[in-house]
Amino acid sequence: MTHASKQAFVSAWLRALLDTEGFTLARANHLKFTLRKLLDENIRRLRREAVNRAYQDVLFGEGRETRVMVGGDFLFEFDPQGYAPSRDYDPRRSEYGHWDFRKHFHGRIGDFDSKEEFECAVQLDMLAQAGRIRYWVRNLVNRGGGSFFLQKASGRFYPDFVCVRNDGTTLVVEYKGAQGWTDAQDDRDIGALWAELSEGACRFVMVRNRQWQDIDAHLA
């Protein structure tokens, strides 16, 4: 945003304020620090709205397949030496439960954020031990070679788990409890788009309230 455009916006905003009945230039000068704070907040809000609109139009608007690519030069590979959780899952001390995980891609496993996430990991490990998937990874947040993410309009989406199916394709699994489901619409949108544009190489599922059959539906 240029200085000229910001100056024009502030001038128009101030003129509209002075047109308000009972609001004078003297009062505006008296409240100048409060007005400056309100202006800054308003500009930040409008900027966020503009970014969100541009993001939605580019990624989800008509012709998105010509603007968005999955694969090619944008592949992510989990580094066998780069998986470094800030906290490891320890079955001897875990408050969520005890399970002998055998099919995690790395020797270490990043600890879980909730008992439901732990239970989801158990389901994935059971599927892998039964031969339904090859292996799985407890995805990390902002940890370099151990963190797969999808870019959103504001911030990044780090799914909970990344799995390799028996045919070599990828299945990403995100778990949400009842309270977090509504606020995760943008995560579902970007996950679905990523899977759609992968031409069958990737799948995405967001599991809700221990409905583990939703994972099975992506393993057929």
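For the structure itself, look to the data block above.
Residues numbered from 1 in each chain as written. Predicted model: local features only at pLDDT ≥ 70, side-chain atom pairs only at ≥ 80, totals over all residues. Heavy atoms only, no water.

**Here we look at the nonpolar core**
So, step 1. Grouped together as the largest cluster of nonpolar side chains are 24 residues, with contacts concentrated most on F101, F112, L124, W136, F161, V173 and I215.
So, step 2. Elements with a contribution of two residues or more to this core: α4 (115-129), β1 (133-138), β4 (161-165), β5 (170-176) and β6 (202-208).
So, step 3. A per-element tally of this core places α4 first, with seven residues.
So, step 4. The contact partners of F112, leaving out residues within four places of it in the chain, are R87, Y89, Y96, F101, E117, F118, A121, R138 and F161.
So, step 5. In terms of nonpolar packing, the next biggest core, distinct from the first, is built from 21 residues, Y55, Y83, F148 and M206 among them. (Core = buried A, V, L, I, M, F, W, Y, C linked by side-chain atoms within 4.5 Å. Buried < 20%, exposed > 50% of the residue type's maximum accessible area, 1.4 Å probe, protein only. Helix = DSSP H or I, 4+ residues; strand = E, 2+ residues; numbered from the N terminus. Contact = heavy atoms within 4.5 Å.)

**As for the sheet that holds β4**
So, step 1. Across the sheet, which stays open at both edges, the four strands sit in the order β1-β4-β5-β6 with mixed pairing between neighbours. Edge positions in the open sheet fall to β1 and β6, since each of these has one partner strand only. Across the sheet, the mean angle separating the axes of adjacent strands is 20° when strand polarity is ignored.
So, step 2. Relative to β5, β4 runs antiparallel, the two sharing four bridges. (Pairing = 2+ DSSP bridges. Axes fitted to C-alpha atoms, helices over the stretch in contact; angles between N-to-C directions.)

**Section: a nonpolar patch on the surface**
So, step 1. On the surface, a nonpolar cluster with roughly 240 Å² of combined accessible area is contributed by L14, L18 and L25.
So, step 2. The topology assignment puts L14 in helix α1 (residues 3-18).
So, step 3. Residue classification places L14 among the partly exposed positions, given a relative accessible area of 31%. (Patch = residues over 30% accessible without salt bridge, like charges linked within 9 Å, V, L, I, M, F, W, Y side chains within 5 Å. Areas by Shrake-Rupley, 256 points an atom, 1.4 Å probe, with all protein chains shown as cover. Salt bridge = Lys/Arg side-chain N within 4 Å of Asp/Glu carboxyl O.)

**Some details on the pattern of salt bridges**
So, step 1. Enumeration over the complete set of coordinates arrives at 17 salt bridges.
So, step 2. For D88, the salt bridge identified is with R108, shortest N-O distance 2.8 Å. A residue pair is termed long-range when its members are at least 10 positions apart, and D88 in the loop between α3 (32-60) and α4 and R108 in the loop between α3 and α4 qualify at 20 residues.
So, step 3. Judged by its relative accessible area of 31%, D88 is partly exposed.
So, step 4. R92 is paired through a salt bridge with D90; the nearest N and O atoms lie 3.1 Å apart.

**Digging into the packing of aromatic side chains**
What characterises a pair of aromatic rings is the spacing of the ring centres plus the angle enclosed by the ring planes.
So, step 1. Across all of its chains, the model carries 16 aromatic pairs by this definition.
So, step 2. Aromatic rings pair up to connect Y89, F101, F112, F118, W136 and F161 into one cluster.
So, step 3. Across from the ring centre of F161, 5.7 Å away, lies the NZ or CZ of R138, which sits over that ring.
So, step 4. R188 extends its terminal NZ or CZ atom over the ring of W181, reaching a point 4.1 Å from the ring centre. (Phe/Tyr/Trp six-rings, centres within 6.5 Å; stacked < 30°, edge-to-face > 60°. Lys NZ or Arg CZ within 6 Å of the ring centre and 35° of its normal.)

**A few points about the side chain of D111**
So, step 1. The topology assignment puts D111 in the loop between α3 and α4.
So, step 2. Given the relative accessible area of 18%, D111 is considered buried.
So, step 3. Once residues lying within four places of it in the same chain are set aside, the contact partners of D111 are R87, D88, Y89 and R138.

**Quick word on the pairing of β6**
So, step 1. Among the seven residues of β6, five are classified as buried, and the element is accordingly described as predominantly covered.
So, step 2. Looking at chain direction, β5 and β6 are connected through seven bridges and run parallel. When the bridges of β6 are listed, L171 appears paired with R203.
So, step 3. Read from β5 through helix α5 (residues 185-197) to β6, the crossover connection turns out right-handed. (Right-handed = clockwise from strand over helix to strand, strands pointing away.)

**Side note on the state of the cysteines**
So, step 1. As enumerated under the stated definition, the model contains zero disulfides in all.
So, step 2. Cysteine C163 is unpaired, with the sulfur of C120 as its nearest cysteine sulfur at 8.0 Å.
So, step 3. For C163, a relative accessible area of 0% corresponds to the buried category.
So, step 4. The thiol of C202 is unpaired, and the distance to the nearest cysteine sulfur, on C163, comes to 12 Å.
So, step 5. The class for C202 is buried, based on a relative accessible area of 13%. (Disulfide = S-S within 2.5 Å.)

**Overview of the side chain of E117**
So, step 1. Looking at the element boundaries, E117 is found in helix α4.
So, step 2. With relative accessibility at 8%, the residue E117 sits in the buried group.

The values are spatial; any link to function lies outside them.
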